Amino acid sequence: MKKKVISVMLGALMAVSMLAGCGSTGGSGEKASSADKKLTIWTNMEVEADAIQEIADDWGKTSGYTVNVIHQSPSVQQFAQAAKSADAPDAVIGIPNDQLADYVNAGLAQEVPAGTFEDSDYSNSAIMSCYSGGKEYAAPLAVETVTLFYNKDLISEVPATWEDLIETAKDKGGVQFDATSIYYDLGFVRASDGYIFKYNDGAYDVNDIGLDNDGAIEAYEFINSLYKDYGFVSADVTADIARSNFQNGQCAFYIGGPWDIDGFKSAGLNFDVAKMPTFKGKPFVTPVGTQVSFVSSKSANQEAAWDLIKYVSSDGAQKLYEVGSRIPAKLSEQESDAIKNDAATATFIAQINDGEPMPTVSEMGQLWDIYTNNIRSMWSGELTPEATGKNIVDQLKEAISLMDSGK
């Protein structure tokens, strides 16, 4: 009798095993049974994590998947380790685009399957942020940038050019921002035909650095004049100090992002935002930060994960805007009444159209401190603008070489 029970149990287990083998196919080619229809999602977006869970639950009602959304500020090492566990993340929804290349280089991000998304549905800067090495590894979710804030008690009309803005600002407390950061200085460099890494066909050439060409040096000369001739900026004026000075009415202009709006409103500041003035007759390029989503190359449910990502970026876009003021990356979602009727958001979207992402390469991480330190040395008189450019490029090349030697 005991042998008969064991035999029946073994037969049942074999039947279940055979049925599981007939289940849906995951993106990596593995088979997933209906019991395995679950996704684990990591998100770097803390404020919006609960909203992403609600959106995923709605998607799950028709897909049949159970989704567990976990707020996690992942590192590549954490992600690689977690990928080996039973609850491995299938995807990351909402991570800054400048971190994407690290996952790609570690072999942890799956290339976007052909036809999954239409690049034309998004702004060019958002799409650029999803490419690494000429291949697309992520989908844009939300976009942000910085633009010009102005104190309406001090300024009635924003000058159209940086050259005119300087003249206006001289008698109104100036314009403040962290001018030691390439993040804020990018527009001066790009309008002068300088660049960080040359970009072509979805790839950055990290051996082609344009931070010491004639245009870049002209940009440094202008940045130097903001300190030396006008005293608007200095090594002591960090982004936080600039924000505080603007909020306290000490300067007429400030360069900041949508994350500053609530604080200024709470302080009762009479302010507005405008597109960045042109520089040297060209649009001022601001860095566009894109929250992107990618699928783990280790996931057995890649097709479902991409489908969820598509759903969040479209059907969930308005909820993310409502909860966290996240501007949708999808152009059609930017046409909603809630967004079009918000003048500040509309201004940021207009500025995004003049922007571009910081290069989506791991080598970008080497530039931040190098740039800041050399701008400070220029302001101290230790370096000329020409020497500043040369130093930045020489030191960046050396840092990249050391970085490559450690691979």
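Owing to the predicted nature of the structure, the values given are computational and were not obtained by experimental measurement.

Asks: Summarise the pairing of strand E8 (residues 139-144); cite the residues concerned and give the values.
Replies: Buried residues dominate E8, accounting for five of its six residues. The sheet contact formed by E8 and strand E15 (residues 289-295) spans five bridges and is antiparallel. Pairing of Ala139 across the sheet is with Ser293, part of E15. Alignment of E8 against strand E16 (residues 327-328), held across two bridges, turns out to be antiparallel. Paired with Ala142 across the two strands is Pro328, which belongs to E16.

Asks: Break down the layout of surface pockets for me, citing the residues and quoting the values.
Replies: Here the largest pocket is characterised by a volume of approximately 430 Å³. Taken together, 19 residues make up the lining of the largest pocket; nearest its centre are Pro258, Trp259, Ile261, Gly324 and Ser325. Breaking the lining of the largest pocket down by element, the ones donating at least two residues are E8, helix H10 (261-266), helix H12 (317-324) and helix H14 (343-352). Residues belonging to the lining of the largest pocket are distributed by class as follows: 10 nonpolar, four polar and five charged.

Asks: Outline the sheet that holds strand E9 (residues 147-151), supporting the account with residue identities and numerical values.
Replies: Reading across from one edge, E10-E13-E9-E14 is the order of the four strands in this open sheet, with mixed pairing throughout. In this open sheet, the two edge strands, each paired with only one partner strand, are strand E10 (175-176) and strand E14 (271-274). Along the sheet, helix H6 (residues 162-170) contacts E9, E10 and strand E13 (253-256); its crossing angle with E13, the most-contacted strand, is approximately 130°.

Asks: I'd like a description of the packing of aromatic side chains, backed by residues and values.
Replies: Considering all chains together, one arrives at 30 aromatic pairs under this definition. Between the aromatic rings of Phe79 and Phe294, the centroid separation amounts to 5.8 Å while the plane-to-plane angle is 55°, which identifies the pairing as tilted. With a gap of 215 residues between them, Phe79 in helix H3 (residues 76-82) and Phe294 in strand E15 connect regions that are remote in the sequence. Put simply, the rings of Trp162, Phe177, Tyr183, Tyr184, Phe188, Phe222, Phe279 and Phe284 touch in pairs and so form one group of aromatic residues. Above the ring of Tyr195, the side-chain terminus of Lys198 is found at 4.3 Å from the ring centroid.

Asks: Account for the packing of helix H7 (residues 182-191) against helix H8 (residues 214-228), with residues named and values stated.
Replies: How two helices sit against one another is set out by the angle between their axes and by the gap between those axes. Orientation of H7 relative to H8, taken along the N-to-C sense of each, is 130°, at an axis distance of 8 Å. Taken together, H7 and H8 sit at an angle that is classed as oblique. Residues Asp185, Phe188 and Val189 of H7 lie in contact with H8, whose contacting residues are Ala219, Tyr220, Phe222, Ile223 and Leu226.

Asks: So what's going on with the pattern of salt bridges? Residues and values would help.
Replies: Evaluation of the coordinates by the stated rule reveals 13 salt bridges. Residues Asp193 and Lys282 are paired through a salt bridge, measuring 3.0 Å at the closest nitrogen-oxygen approach. Of this pair, Asp193 sits in the loop between H7 and strand E11 (195-200) while Lys282 sits in the loop between E14 and E15, and the two are 89 residues apart along the sequence. For Lys282, a relative accessible area of 32% gives the class partly exposed. Notably, a salt bridge pairs Asp354 with Lys275, separated by 2.7 Å at the nearest N-O pair. With a gap of 79 residues between them, Asp354 in the loop between H14 and helix H15 (367-379) and Lys275 in the loop between E14 and E15 connect regions that are remote in the sequence.

Rules used in this analysis
Residues numbered from 1 in each chain as written. Predicted model: local features only at pLDDT ≥ 70, side-chain atom pairs only at ≥ 80, totals over all residues. Heavy atoms only, no water. Buried < 20%, exposed > 50% of the residue type's maximum accessible area, 1.4 Å probe, protein only. Helix = DSSP H or I, 4+ residues; strand = E, 2+ residues; numbered from the N terminus. Pairing = 2+ DSSP bridges. 1 Å grid on protein atoms, 1.4 Å probe; cavity = no way out; pocket = protein on both sides within 12 Å on 5 of 7 lines; lining within 4 Å. Points joined across faces, edges and corners; volume = space filled by probe spheres on them. Nonpolar A, V, L, I, M, F, W, Y, C, P; charged D, E, K, R; others polar. Contact = heavy atoms within 4.5 Å. Axes fitted to C-alpha atoms, helices over the stretch in contact; angles between N-to-C directions. Phe/Tyr/Trp six-rings, centres within 6.5 Å; stacked < 30°, edge-to-face > 60°. Lys NZ or Arg CZ within 6 Å of the ring centre and 35° of its normal. Parallel < 35°, antiparallel > 145°, perpendicular 65-115°, else oblique. Salt bridge = Lys/Arg side-chain N within 4 Å of Asp/Glu carboxyl O.

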